[in-house]
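Report on the structure
Here is what each chain is made of, one letter per residue.
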Amino acid sequence: MATDTLASPATLSHTKTRVLKNFIDGEWVDSSTGQTFEDHNPADTRDVVGIFQRSNRADVNAAVEAAKRAFAKWRLVPAPRRAEIVFRAAEILIERKEECARDMTREMGKVLAETRGDVQEAIDAAYYNAGEGRRLFGPTVPSEMPNKFAMAVRQPIGVCGMITPWNFPMAIASWKLLPAVVCGNTCVIKPAQDTPLSTFNLVRALVDAGLPKGVINIVTGFGAEVGTPLAEHPDVRAISLTGSSVVGRIVGGIAAQSFKHCSLELGGKNPMIVLDDANLDLAIEGGLWGAFGTTGQRCTATSRIIVQKGVYREFVERYVDRAKKLKVGNGLDESVQMGPAINAKQLETDLSYVEIGRNEGAKLVCGGNRLDKGEYQYGWFMEPTVFTDVDPKMRIAQEEIFGPVVSIISCDGLEDAIEIANNIEYGLSSALYTKDVNKAFSAIRDLYAGITYINAPTIGAEVHLPFGGTKATGNGHREGGIGAIDFYTEWKSVYVDYSDKLQKAQIDRVD
Ligand code: NAD
């Protein structure tokens, strides 16, 4: 087994087991616990993708200390220079795109076309944020007093902690790390324990592009052992979590104790509405991609399809027919359309919701079974699953499953559909299929979610637009685009009085 190094050019492989240490202050270091954990391929659990450090609070402390030291210098590097490193990392990732995608399919399970997309998203985020290095605009405004100059500048916050999930292992890390470093912050990232390798591949590109030591540090391990100490650390001034709403409540609560900046991107239960006038071919295609892409393991996955009565029967028949034909398997096979669940626990959750749906009286019309014979025997596979006749109040229509299980609900028309769509704990993504522009704009106004697609499914965000949601999906921040720049900077308002006398704001007025 080879011990990897971040400082050398990438030698990614798709068969070997790599041993990766924590990356702290530009050095590879063992965890102080002396313990490690294995990262398994969910399509074939005999395949150990990597061995990673099972870290603890002491490792977090060391990483934060390194990030704090690095911040003293990094914050003074001009933003356009910081951004050039990020731009170069994009170019490096382009060269390594295929290798990174193969590594990701092996550790996460989603099909190659999608992992290439995940790496592409990091490339897009790098180009976007590199551009921001020459902007970081702030307002210059007239003062209310004569001979006084007023402006606001963006300043970095300091050490930022990032906690990421497993479903977009490189893209989500890039949404956090890239704007943070362009803005002049330094970072400690704890990747999800199921997919740490892709974070190493991203940081490797940044290091090879010239990122100084200590600016990004990686500490691997489990939520309570690494994530919690990171959120609690008094020198971490901003914490950004993407994960479940349950963990969001924990991390948000911790962050509030020391008034840290805190960005929470959490769960979803995303509705796609299909009206009678919709292009059904398009809606069926979109509904399949939205529900079964990434094996339904997207926060934006289409998990409820709300279909108007006039086309309900036809939609269901044709949708189910297509869902049955989806090819499930190892994502490294280019002909496969849906990979495995990420791990045993997630598969168990998915299958438990099949039981819940049955017991609630929904009609199981497609799938519902684990696949564990032949080529599937070593992986966490299940069939694409469709329930119809779903009552919007059922648990399968209310709770985030995070698997390939979709609920089809009938509705009377747009108003009814929007009520069903909004009557949910979450508010991440939403979609409407119609040819009626009036209905489209009404839905854009009335769907209470962070994202609305018209004539496209609930997935497919682009990096330069705000990403995030309402209600239990988050705490009001947005990643992507300028929202991330807002999160990773603090405003400083600057007043320069060149009148040579004391001017009292709000008091010295010439009326
Ligand atoms: P998770 O909440 O179980 O874990 C997310 C991260 O938090 C992991 O790194 C985990 O180790 C860490 N963590 C767990 N317990 C912790 C604790 N007590 N303190 C600190 N950190 C802790 O989520 P997951 O299973 O990795 O990902 C799936 C979830 O993520 C879904 O709910 C999905 O909707 C959500 N998600 C949201 C978005 C979004 O942008 N809104 C994007 C992707 C995924």
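Residues numbered from 1 in each chain as written. Predicted model: local features only at pLDDT ≥ 70, side-chain atom pairs only at ≥ 80, totals over all residues. Heavy atoms only, no water.

Okay, the overall build of the protein next. Along its length, the protein carries 15 helices and 25 strands. Whereas a compact globule of 511 residues would reach a radius of gyration of roughly 24 Å, the protein reaches 24 Å, a difference of no more than 12%. For the protein, buried positions account for 57% of its 511 residues. Across the protein, contacts joining residues at least 24 apart in sequence account for 74% of those joining residues at least 6 apart. Carbon and sulfur atoms make up 52% of the accessible area of the protein, which amounts to about 20,700 Å² in all. Computed over 56 positive and 64 negative side-chain charges, the inter-centroid distance for the protein is 3 Å. (Helix = DSSP H or I, 4+ residues; strand = E, 2+ residues; numbered from the N terminus. Rg over C-alpha atoms; globule rule 2.2 N^0.38 Å. Buried < 20%, exposed > 50% of the residue type's maximum accessible area, 1.4 Å probe, protein only. Contact = heavy atoms within 4.5 Å. Areas by Shrake-Rupley, 256 points an atom, 1.4 Å probe, with all protein chains shown as cover. Lys, Arg positive; Asp, Glu negative; His and termini not counted. Charge placed at Lys NZ, Arg CZ, Asp CG, Glu CD.)

Here the focus is the site of the ligand. Near the ligand there are 27 residues, and of these Thr164, Ser244, Leu266, Cys299 and Glu400 occur at the shortest range. Between the ligand and Thr164 there is a distance of 2.7 Å, counted from an oxygen atom to a backbone nitrogen or oxygen. Here an oxygen atom of the ligand sits 3.3 Å away from a polar atom, N or O, in the main chain of Gly243. Taken by itself the ligand offers 850 Å² of open surface, and the protein chains cover 88% of this. Under a 2 Å grid-point criterion requiring more than half of the atoms, the pocket assigned to the ligand is the largest pocket. Every element with two or more residues in the shell around the ligand is listed here: α7 (223-232), β12 (236-242) and α8 (245-257). Across the shell around the ligand, the residue classes break down as 14 nonpolar, 10 polar and 3 charged. (Near = heavy atom within 4 Å. Polar contact = N/O pair within 3.5 Å; in protein donor to acceptor, adjacent residues only side chain to side chain. 1 Å grid on protein atoms, 1.4 Å probe; cavity = no way out; pocket = protein on both sides within 12 Å on 5 of 7 lines; lining within 4 Å. Sits in = over half its atoms within 2 Å of the grid points. Nonpolar A, V, L, I, M, F, W, Y, C, P; charged D, E, K, R; others polar.)

Right, let's talk about the pattern of salt bridges for a bit. Considering all chains together, one arrives at 30 salt bridges under this definition. The partner of Arg96 in a salt bridge is Asp208, with the nearest N and O atoms 2.7 Å apart. Highlighted residues: Arg96 in the loop between α2 (79-95) and α3 (97-108) and Asp208 in helix α6 (residues 196-208), separated in sequence by 112 residues. Overall, the relative accessible area of 11% leaves Arg96 in the buried class. Owing to a relative accessible area of 27%, Asp208 belongs among the partly exposed residues under this scheme. (Salt bridge = Lys/Arg side-chain N within 4 Å of Asp/Glu carboxyl O.)

Attention now goes to the state of the cysteines. Under the counting rule described, the total for this entry stands at 0 disulfides. Summary of cysteine pairing: Cys100 is not part of a disulfide, and the nearest cysteine sulfur, belonging to Cys187, is at 19 Å. Under the relative-accessibility criterion, Cys100 is labelled buried at 1%. (Disulfide = S-S within 2.5 Å.)

Strand order in the open sheet made by the 3 strands is β7-β8-β25, with antiparallel pairing throughout. What marks the edges here is a single partner per strand, and that holds for β7 (140-142) and β25 (489-497). Strand-to-strand twist in this sheet, taken as the mean axis angle between neighbours without regard to direction, amounts to 25°. In the sheet, β7 pairs with strand β8 (residues 148-156) via 3 bridges, with the strands oriented antiparallel. Paired with Thr140 across the strands is Met151, a residue of β8. (Pairing = 2+ DSSP bridges. Axes fitted to C-alpha atoms, helices over the stretch in contact; angles between N-to-C directions.)

All right, on to the domain arrangement of the protein then. Each assigned domain of the protein is listed with its residue range as follows: domain 1 (19-266 + 474-492) and domain 2 (270-454). Residue-level contacts link 24 residues of domain 1 with 28 residues of domain 2. In total, about 2,100 Å² of surface goes out of reach between domain 1 and domain 2, with carbon and sulfur atoms giving 58% of it. Run the count over domain 1 and domain 2 and you get 2 salt bridges. Arg298 serves as the salt-bridge partner of Glu114, at 3.8 Å between the closest nitrogen and oxygen. Our count for the contact surface shared by domain 1 and domain 2 stands at 7 residue pairs in polar contact (both at pLDDT 80 or more). (Domains from an automatic or database assignment. Buried area = accessible area lost by both parts, 1.4 Å probe.)

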